[in-house]
Amino acid sequence: MVLTRNPYIGPLNVISYGGHIVKHSHVVKSLGILIDNHLNWKSQVETVAKCFSTKIKMLKKIYYLPPKMLEEIYFKTIIPSVTYCIGVWGSCSKTLFNSIERLHLKSARIIYRVSPKINDNYVLKLAKWQNIQYIYKRRLAVEMFKTLNNDQGRLSDLFHLSITSRKGKIFQLNRYQYEIGRNSLRFRGPVVWNRLPKDTRECKSLQSFKFQLKREKKCVDDISFEKGTVTLNNKNPDFIYF
């Protein structure tokens, strides 16, 4: 596989290993994740969406069950497979990610028999669900907590920790020129972590950290990766800015 942002022009050199020719590929599968040569996760998200849609059709066949039972089936059997490794492929484009969000909304409509006349913006509120984007941000926060506490030495070399009396433990935010850098875990992980309240970041155990994340749903949901917003993590809501 040749990783490139632009289409590769020219013949590819023949690569051999152990007397066998290694075939070039645009997409490879590793640990259940499809990695393409542009690293835009299009193949992975399209595959997830296809499997997601198939499982929703199966959900329709048991629509006669009580909504609470359908919801339990949905969150225990369907969502885990959909959000598998979402911390990796969740940095895909908005268009691709929205294709997953639309299927999530469709599931809420099926389970709670929501009328098609109800606007999409109110469907999740009626079901009292969080969107898939929230699950993605929460997954990043958990990964950063494990990194901070050096859980089996995972990813600790990728981040630099800064400790101050006012902010507590925060990760230094690297500046990237290209979008592919701003979409990486090395950038988005610290963005999520630094926006969390200080009390949440100072939890001693993973279990207490996850509990605090549930209490800070709005804070996690408000986190944005848009340019110009990631540097506002220290904004004081009680101060009048001019």
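In this text the structure is predicted, and so the values were computed from the model without any measurement. (Residues numbered from 1 in each chain as written. Predicted model: local features only at pLDDT ≥ 70, side-chain atom pairs only at ≥ 80, totals over all residues. Heavy atoms only, no water.)

Draft legend 1. Spatial organisation of the pairing of strand E4 (residues 33-36). Taken together, the 4 bridges between strand E3 (residues 27-30) and E4 define a ladder with antiparallel strand orientation. What sits directly across from serine 30, in E4, is isoleucine 33. Hairpin remark: E3 followed by E4, antiparallel, with 2 residues in the connecting loop; positive phi at leucine 31, about 55°. (Pairing = 2+ DSSP bridges. Helix = DSSP H or I, 4+ residues; strand = E, 2+ residues; numbered from the N terminus.)

Draft legend 2. Geometry of the nonpolar core. Formed by 53 residues in total, the largest nonpolar core has its most connected members in Phe52, Tyr74, Trp89, Ile100, Trp193 and Phe209. At the level of elements, helix H1 (42-60), helix H2 (67-82), helix H3 (86-89), helix H4 (94-111), helix H5 (120-127), helix H6 (132-148), helix H8 (185-195) and helix H10 (206-215) are the ones that each hand at least two residues to this core. A total of 10 residues in this core trace back to one element, the largest contributor, which is H6. When sequence neighbours within four positions are dropped, the list of residues in contact with phenylalanine 52 reads Tyr74, Ile78, Val82, Ile100, Leu103, His104 and Ser107. (Core = buried A, V, L, I, M, F, W, Y, C linked by side-chain atoms within 4.5 Å. Buried < 20%, exposed > 50% of the residue type's maximum accessible area, 1.4 Å probe, protein only. Contact = heavy atoms within 4.5 Å.)

Draft legend 3. Spotlight on the layout of surface pockets. Of the voids in this model, the largest pocket is the one considered here, and its volume is about 1,200 Å³. The wall of the largest pocket is formed by 41 residues, among which Gly90, Ser91, Tyr136, Asn183 and Arg188 lie closest to the centre. Among the secondary structure elements, those contributing two or more residues to the lining of the largest pocket are H3, H4, H6, helix H7 (179-182) and H8. No other element matches H6, which puts 8 residues into the lining of the largest pocket. For the lining of the largest pocket, a count of residues per class yields 16 nonpolar, 11 polar and 14 charged. Quantified by volume, the second largest pocket comes out at close to 470 Å³. Looking at the second largest pocket, it is lined by 16 residues, and the ones nearest its centre are Phe75, Gln130, Tyr134, Ile135 and Arg138. Only H2, H6 and H10 provide two or more residues apiece to the lining of the second largest pocket. (1 Å grid on protein atoms, 1.4 Å probe; cavity = no way out; pocket = protein on both sides within 12 Å on 5 of 7 lines; lining within 4 Å. Points joined across faces, edges and corners; volume = space filled by probe spheres on them. Nonpolar A, V, L, I, M, F, W, Y, C, P; charged D, E, K, R; others polar.)

Draft legend 4. The side chain of asparagine 37, seen in detail. Structurally, the position occupied by asparagine 37 is in the loop between E4 and H1. By relative accessible area, which is 13% here, asparagine 37 ends up buried.

Draft legend 5. Focus on the packing of aromatic side chains. Here the structure, examined in full by the defined rule, presents 14 aromatic pairs. Linked through ring pairs, Phe52, Tyr74, Phe75, Tyr112 and Trp129 together constitute an aromatic cluster. A cation over an aromatic ring shows up here: arginine 188 above the ring of phenylalanine 225, its NZ or CZ 4.3 Å from the ring centre. (Phe/Tyr/Trp six-rings, centres within 6.5 Å; stacked < 30°, edge-to-face > 60°. Lys NZ or Arg CZ within 6 Å of the ring centre and 35° of its normal.)

Draft legend 6. Structural view of the pattern of salt bridges. Evaluated as defined, the whole model comprises 6 salt bridges. Note that arginine 182 and glutamate 179 form a salt bridge whose closest N and O atoms lie 2.7 Å from each other. Remark: glutamate 179 and arginine 182 occur in helix H7; sequence separation between them is 3 residues, near one turn of the helix. What makes arginine 182 buried here is its relative accessible area of 15%. Here aspartate 222 ties to lysine 218 by a salt bridge, and the two come within 2.9 Å at their closest N and O atoms. A residue pair is termed a helical-turn pair when its members lie 3 or 4 positions apart in one helix, as aspartate 222 and lysine 218 do in helix H11 (residues 217-222) at 4 residues. What makes aspartate 222 partly exposed here is its relative accessible area of 40%. (Salt bridge = Lys/Arg side-chain N within 4 Å of Asp/Glu carboxyl O.)

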